[in-house]
Amino acid sequence: MTDKAPEIRRLNDAFRRSFIGGHVVVTSGVAALADTERRALLRSVRARSFRQRQ
(Lines give C-alpha, C1' and ligand atoms only; values in the text may rest on other atoms or scores of the structure.)
Protein backbone atom coordinates (compact mmCIF):
# COMPACT_ATOMS: atom_id res chain seq x y z
CA MET A 1 0.00 0.00 0.00
CA THR A 2 1.31 3.45 -0.85
CA ASP A 3 1.48 6.32 1.62
CA LYS A 4 -1.52 8.51 0.81
CA ALA A 5 -0.90 10.99 3.65
CA PRO A 6 0.87 13.64 1.52
CA GLU A 7 -1.94 13.67 -1.05
CA ILE A 8 -4.64 13.74 1.63
CA ARG A 9 -2.80 16.60 3.35
CA ARG A 10 -2.58 18.52 0.08
CA LEU A 11 -6.29 18.04 -0.65
CA ASN A 12 -7.30 19.00 2.90
CA ASP A 13 -5.20 22.15 2.76
CA ALA A 14 -6.61 23.12 -0.65
CA PHE A 15 -10.19 22.65 0.59
CA ARG A 16 -9.57 24.54 3.84
CA ARG A 17 -8.18 27.51 1.91
CA SER A 18 -10.93 27.63 -0.72
CA PHE A 19 -13.97 25.74 0.66
CA ILE A 20 -14.34 24.44 -2.93
CA GLY A 21 -14.73 20.74 -3.67
CA GLY A 22 -16.36 19.60 -0.45
CA HIS A 23 -18.82 20.45 2.28
CA VAL A 24 -18.16 22.82 5.17
CA VAL A 25 -19.65 21.39 8.36
CA VAL A 26 -19.85 23.46 11.53
CA THR A 27 -20.83 22.65 15.07
CA SER A 28 -24.04 23.98 16.58
CA GLY A 29 -21.93 26.43 18.58
CA VAL A 30 -20.40 27.91 15.43
CA ALA A 31 -23.80 27.96 13.71
CA ALA A 32 -25.20 29.91 16.68
CA LEU A 33 -22.66 32.72 16.30
CA ALA A 34 -23.76 36.02 14.83
CA ASP A 35 -23.16 36.19 11.07
CA THR A 36 -20.25 38.61 11.42
CA GLU A 37 -18.56 36.41 14.05
CA ARG A 38 -19.09 33.22 12.01
CA ARG A 39 -17.67 34.86 8.88
CA ALA A 40 -14.63 36.09 10.82
CA LEU A 41 -14.05 32.63 12.25
CA LEU A 42 -14.27 30.94 8.83
CA ARG A 43 -11.92 33.56 7.34
CA SER A 44 -9.47 32.75 10.12
CA VAL A 45 -9.69 29.01 9.37
CA ARG A 46 -9.06 29.64 5.67
CA ALA A 47 -6.03 31.79 6.42
CA ARG A 48 -4.44 29.48 8.98
CA SER A 49 -1.30 27.58 8.09
CA PHE A 50 -1.11 24.10 9.61
CA ARG A 51 2.25 22.43 10.03
CA GLN A 52 2.88 18.75 10.68
CA ARG A 53 3.71 18.12 14.32
CA GLN A 54 6.66 15.91 15.16
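The numbering scheme is per chain: residues are counted from 1 as the chain's sequence reads. Reporting in this predicted model follows two pLDDT cut-offs: at least 70 for local features of residues, and 80 or more for side-chain atom pairs to be given and counted; totals over whole chains, interfaces and linings ignore these cut-offs and use all residues. Hydrogen atoms and water are omitted, and side-chain values are computed over all heavy atoms in the structure.

S.K.: Tell me about the side chain of R16, and name the residues and values.
M.R.: Its location among the elements puts R16 in helix α1 (residues 5-18). Residue exposure (1.4 Å probe, protein chains only): buried if accessible area is under 20% of the type maximum, exposed if over 50%, otherwise partly exposed. Owing to a relative accessible area of 11%, R16 belongs among the buried residues under this scheme. Polar contact is defined as a pair of N or O atoms within 3.5 Å, subject to the rule that within protein one atom must be able to donate a hydrogen and the other to accept it, and that residues adjacent in sequence are counted only when both atoms are side-chain atoms. At 3.3 Å, the side chain of R16 forms a polar contact with the backbone oxygen of R46. Numbering of helices and strands starts at the N terminus; helices are DSSP runs of H or I of at least 4 residues and strands are runs of E of at least 2.

S.K.: Would you mind going over the packing of α1 against helix α3 (residues 35-47) in detail, with residue names and values included?
M.R.: At their nearest, the axes of α1 and α3 sit 7 Å apart, and the two run at 145° to each other. The chirality of how α1 crosses α3 is left-handed. Side by side, α1 and α3 meet where R16, R17 and S18 of the first sit next to V45, R46 and A47 of the second. Fitted lines through C-alpha atoms give the axes, limited to the stretch in contact for helices. The angle between two N-to-C directions lies from 0 to 180 degrees. Helix crossings fall into two classes, left-handed where the near helix is turned counterclockwise from the far one by less than a right angle and right-handed where it is turned clockwise. Here a residue-residue contact requires only that any non-hydrogen atoms of the pair lie within 4.5 Å.

S.K.: I'd like a rundown of α1, residues and numbers included.
M.R.: Spanning 14 residues, α1 covers 20 Å between terminal C-alpha atoms, matching the ideal 20 Å at 1.5 Å per step. With its phi angle positive at about 60°, F19 sits one or two positions after the end of α1. To estimate the expected span of a helix, subtract one from its residue number and multiply by 1.5 Å.

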